[in-house]
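Listed here are the chains, written in short residue letters.
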Amino acid sequence: MLKERLFSREVFFEKYKIGFDHDGVIAETRTPVVEEYNKIFGTEHAVNEMREYRTLARWAEEDLGISKEVALKIDNHLWFERPDILLRAKPMPGAVEITKQLADREIFFPIITSRLSSYRQSTFEWYEEKMPWINRNQIIIRENDEIEGEVFKARMIEKRGVNVFFEDAPHHAKIIIRDTNAMVILLNNDPVLDDLAGDRMIRIASNDNQLPNLREAQATLFRG
Ligand SMILES: [Mg+2]
């Protein structure tokens, strides 16, 4: 459906019901997490080295010579038990621009996140502080952790009738493609899903080995 590329922004906004992932799409959460890891362990990892799920666990195993199990605990702690770290995140490049354009046109767009329910309050606070034009009722986050994050995300995409979803994680994109009818705009340099996803996905990659963002996505999708 989207393969023709270079839409007019107006047509795109009118034609598709857009939804966004939060971490790595709207919020640049990797930076404060990597900074905190470096601070705790005295390392100098760069944010761009964090390209896949569980990167922190891999680093911890290598840096500290610890077991995979303990390394995973460190990964879980920094991502899932420290809302204070994620509150320091800045908006991703292009995120303010596109969400404001939608808000100015009074178009409802959900932010659908796989975050744990314990992050509800801090996620609401982040939007109140960083992007106050996004209302609380647009932020879709679990109320309990009975359903797995990526399954919840896919269900909400379906339930809200979203047909274009901006996502950064290939393992989430895979579930969305499997469980919904939505097109995924994947902000990721890794071509791992390209063959499997076919015309259900447009992947936005960054030439300079940086993490792709919504600014690059807009430059790819929209004319002018
Ligand atoms: Mg994400």
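What counts and what doesn't
- Within each chain, residues carry numbers counting from 1 in the order of the written sequence.
- Local features in a predicted model are, by the rule used here, given only for residues with pLDDT of at least 70; side-chain atom pairs are given and counted only at 80 or more, and totals for whole chains, interfaces and linings are based on all residues.
- Helix and strand labels come from DSSP, where a helix needs a run of H or I of at least four residues and a strand needs a run of E of at least two; each type is numbered from the N terminus.
- To get the radius of gyration, use the C-alpha atoms; to get the globule rule, take the number of residues to the power 0.38 and multiply by 2.2 Å.
- By the criterion used throughout, residues are in contact when their C-beta atoms, derived from the backbone, lie within 7 Å.
- The term nonpolar core means buried Ala, Val, Leu, Ile, Met, Phe, Trp, Tyr and Cys residues held together as one set by C-beta atoms within 7 Å.
- Here the C-beta atoms are placed from the backbone, and a residue counts as buried if at least 20 other C-beta atoms lie within 10 Å of its own, exposed if 12 or fewer do, and partly exposed otherwise.
- Domain start and stop points were drawn from an automatic or database domain assignment.
- As a working rule, the residues Ala, Val, Leu, Ile, Met, Phe, Trp, Tyr, Cys and Pro are called nonpolar, Asp, Glu, Lys and Arg charged, and the rest polar, with Gly in that last group.
- Only strands joined by at least two bridges in the DSSP assignment are considered to pair.
- Orientation is described by lines fitted to C-alpha atoms, with helices fitted over the stretch in contact, and by angles between N-to-C directions that extend from 0 to 180 degrees.
- Working definition: roughly parallel below 35 degrees, roughly antiparallel above 145 degrees, roughly perpendicular at 65 to 115 degrees, and oblique for all remaining angles.
- Put simply, a crossing is left-handed when the front helix is turned counterclockwise from the back one by less than a right angle, and right-handed when it is turned clockwise.
- Crossovers are marked right-handed if the path from the first strand over the helix to the second runs clockwise, as seen with the strands pointing away from the viewer.

1. Observations concerning the overall build of the protein chain
- For the protein chain, the count of helices and strands is 11 helices and 10 strands.
- For 224 residues, the compact-globule estimate of 2.2 N^0.38 gives 17 Å, and the protein chain sits close to it at 17 Å.
- Partitioning the intrachain contacts of the protein chain with sequence separation of at least 6 by distance along the chain shows that 57% fall at a separation of at least 24.

2. Things to note about the nonpolar core
- Ranked by internal contacts, the top residues of the largest apolar core, which has 40 residues, are Ile-157, Phe-165, Phe-166, Ile-176, Ala-182 and Val-184.
- Among the elements that take part in this core, strand E8 (residues 183-187) stands out by supplying five residues, more than any other.
- Discounting residues that sit within four places of it in the chain, Phe-166 has contacts with Phe-20, Asp-21, Val-25, Ile-185, Leu-187, Leu-214 and Ala-217.

3. Concerning the domain arrangement of the protein chain
- For the protein chain, the assigned domains read domain 1 (9-29 + 90-221) and domain 2 (31-86).
- The interface is formed by 11 residues belonging to domain 1 together with nine residues belonging to domain 2.
- For the side of domain 1 that touches domain 2, a count of residues per class yields four nonpolar, five polar and two charged.

4. A closer look at the environment of Gly-149
- Relative to the assigned elements, Gly-149 resides in helix H8 (residues 149-159).
- Taking the C-alpha atoms as reference, Gly-149 lies 4.1 Å from Ser-114; in sequence the two are 35 residues apart.

5. Topic: the pairing of E8
- When you tally the buried positions in E8, you get five out of five residues, the bulk of the element.
- Neither face of E8 is exposed, since Met-183, Ile-185 and Leu-187 on one face and Val-184 and Leu-186 on the opposite face are all buried.
- Examined bridge by bridge, E8 and strand E9 (residues 201-204) share four bridges and lie parallel to one another. Bridged to Ile-185 within E9 is Ile-202.

6. Thoughts on the environment of Thr-43
- Structurally, Thr-43 is set in the loop between helix H2 (30-41) and helix H3 (55-64).
- Residues Thr-43 and Asp-63, spaced 20 residues apart in sequence, show a C-alpha to C-alpha distance of 8.1 Å.

7. A short note on the packing of H8 against helix H9 (residues 170-179)
- Closest axis-to-axis distance for the H8/H9 pair is 9 Å, and the angle between their directions is 45°. With respect to H9, the element H8 is oriented oblique. Of the two possible hands of crossing, H8 and H9 adopt the one that is right-handed. Each of Glu-150, Val-151, Lys-153, Ala-154, Ile-157 and Glu-158 in H8 lies in contact with H9, whose residues at this interface are His-171, His-172, Ile-175, Ile-176 and Asp-179.

8. Some remarks on the pairing of strand E7 (residues 164-167)
- Where burial is concerned, the two faces of E7 agree: the one with Val-164 and Phe-166 and the one with Phe-165 and Glu-167 are both buried.
- Taken together, the three bridges between strand E2 (residues 18-20) and E7 define a ladder with parallel strand orientation. What sits directly across from Ile-18, in E7, is Val-164.
- Following the chain from E7 across H9 to the adjacent parallel E8, one finds a crossover that is right-handed.

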